[in-house]
Amino acid sequence: GLGLFTDNYGFIHNGNPERKLFQKDFHNIILSGGSTVEGADSTSSNEATIAANLEKNLRKIDKKVNVINAGKSGYNSFDEFLILYNLLGQYSFQEVIFLNGANDFLSLTYSSKKKWNYYDEIINYNDQFSYLFTKQHQLRTVYYAQRIRGKFINFIEKYFTEDKPLSYEPGEPSFNIFQPEYDTYDSNPPSLETVENYISNIKLKISLCVNFNLKCKFYLQPFLASKDPLHSVEQETLNKIPFKDFKSNQIEWFKIVASELKKIPENNNVRFYDIKDMFRNESKLVYYDFGHYNDFGNKLIADKIYETFNEK
């Protein structure tokens, strides 16, 4: 689409670029993850992200809820630990939702060496926080101009063109920058060793949640290989993925992770939710590409997360 826009805090906003956040009388929820949380290039507008849909659902019950989109393309579980620690030093919030798994799967399964400390391989590490909370993005005029343009185009299409369903054409999968010194198209077969770093990073985040008295919910995200049946576009996309044994490796890696997460005790601050298979029996198109959800997928995930808020 035309792209997503940030507010003055540096977050992808939920439809209002002038919103105020972190008010003391609000329940402030951080939504953390990679490009699927951010919305990347697969979400049509700010109002269609997972965060925006979840906030809309929660505000049906409580108007004073903010869901803050802290997703960033390429982030894995270790990046999320760093960003959470960074946010704790700047803002007051009460709850964190983590939706992840896919980036860690790629990084740990298709790796030329065992990974533990990510510092030396993070691309432009010194600049990775530059967009976050250090610059005020003055995009209000651009945002509103694009909204007016979008409404005009929608009007033209509705009244002067045939009503055709939205169609997707499978394209070449878009992956993060490939670094041959760290990444490979061959695979390390999924095992306890290949999930060890991910589980350890989850435990790091739990330590912050407990010691800073934050409510934290961890969601193991849905992934392409777990969807059944696949839409024809999704199947064609899967066929183009260059990584060796991608489908079987993805299924097995997430299976091992789910088993290991069950071994971590829950408490009043920490809850785990396995939603990796939530798209089973969903025949409609959900994936925009090899791993990013379209608007429909975003809404389904937001609705699923919302359901868990009512669980005891």
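Residues numbered from 1 in each chain as written. Predicted model: local features only at pLDDT ≥ 70, side-chain atom pairs only at ≥ 80, totals over all residues. Heavy atoms only, no water.

Caption draft 1: Quick peek at the sheet that holds strand E2 (residues 65–69). Reading across the sheet, the five strands line up as E2-E1-E3-E4-E5 and stay open at both edges, with parallel pairing between neighbours. Each edge of the sheet is formed by a strand with only one pairing partner; in this case those strands are E2 and strand E5 (270–274). Mean inter-strand twist for the sheet, computed between neighbouring axes without regard to direction, equals 20 degrees. (Pairing = 2+ DSSP bridges. Helix = DSSP H or I, 4+ residues; strand = E, 2+ residues; numbered from the N terminus. Axes fitted to C-alpha atoms, helices over the stretch in contact; angles between N-to-C directions.)

Caption draft 2: Here's a closer look at the pairing of strand E3 (residues 95–100). A large share of E3 lies buried, amounting to six of its six residues. Residues of E3 alternate between two faces, with Glu95, Ile97 and Leu99 on one and Val96, Phe98 and Asn100 on the opposite face, all of them buried. Strand direction decides the pairing type here: strand E1 (residues 27–33) and E3, joined by five bridges, are parallel. The residue of E3 that forms the bridge with Ile30 is Val96. Bridge analysis of E3 against strand E4 (residues 215–220) gives six bridges, and the strand direction is parallel. If you follow Glu95 over to E4, its bridge partner there is Lys215. (Buried < 20%, exposed > 50% of the residue type's maximum accessible area, 1.4 Å probe, protein only.)

Caption draft 3: A look at the nonpolar core. Ranked by internal contacts, the top residues of the largest apolar core, which has 73 residues, are Phe93, Phe218 and Phe246. If near-sequence neighbours (up to four positions away) are discounted, Phe93 is found in contact with Phe22, Asn28, Ile30, Leu84, Leu87, Leu88 and Leu214. (Core = buried A, V, L, I, M, F, W, Y, C linked by side-chain atoms within 4.5 Å. Contact = heavy atoms within 4.5 Å.)

Caption draft 4: Structural detail: helix H9 (residues 295–308). The end-to-end C-alpha distance of H9 is 21 Å, a good match for the 20 Å that 14 residues give at a rise of 1.5 Å each. Among all positions in H9, only Gly297, Asn298, Ile301, Ala302, Ile305, Tyr306 and Thr308 are buried. (Expected span 1.5 Å × (residues − 1).)

Caption draft 5: Summary view of the pattern of salt bridges. Summed over the entire model, instances satisfying the criterion amount to eleven salt bridges. Of the charged contacts in the structure, one is a salt bridge between Lys263 and Glu260, with a shortest N-O distance of 2.8 Å. One salt bridge in this structure joins Arg280 and Asp277, with 3.8 Å as the shortest N-O distance. The class for Arg280 is partly exposed, based on a relative accessible area of 42%. A single salt-bridge network, built from bridges that share partners, covers Asp274, Lys276, Asp277 and Arg280. (Salt bridge = Lys/Arg side-chain N within 4 Å of Asp/Glu carboxyl O.)

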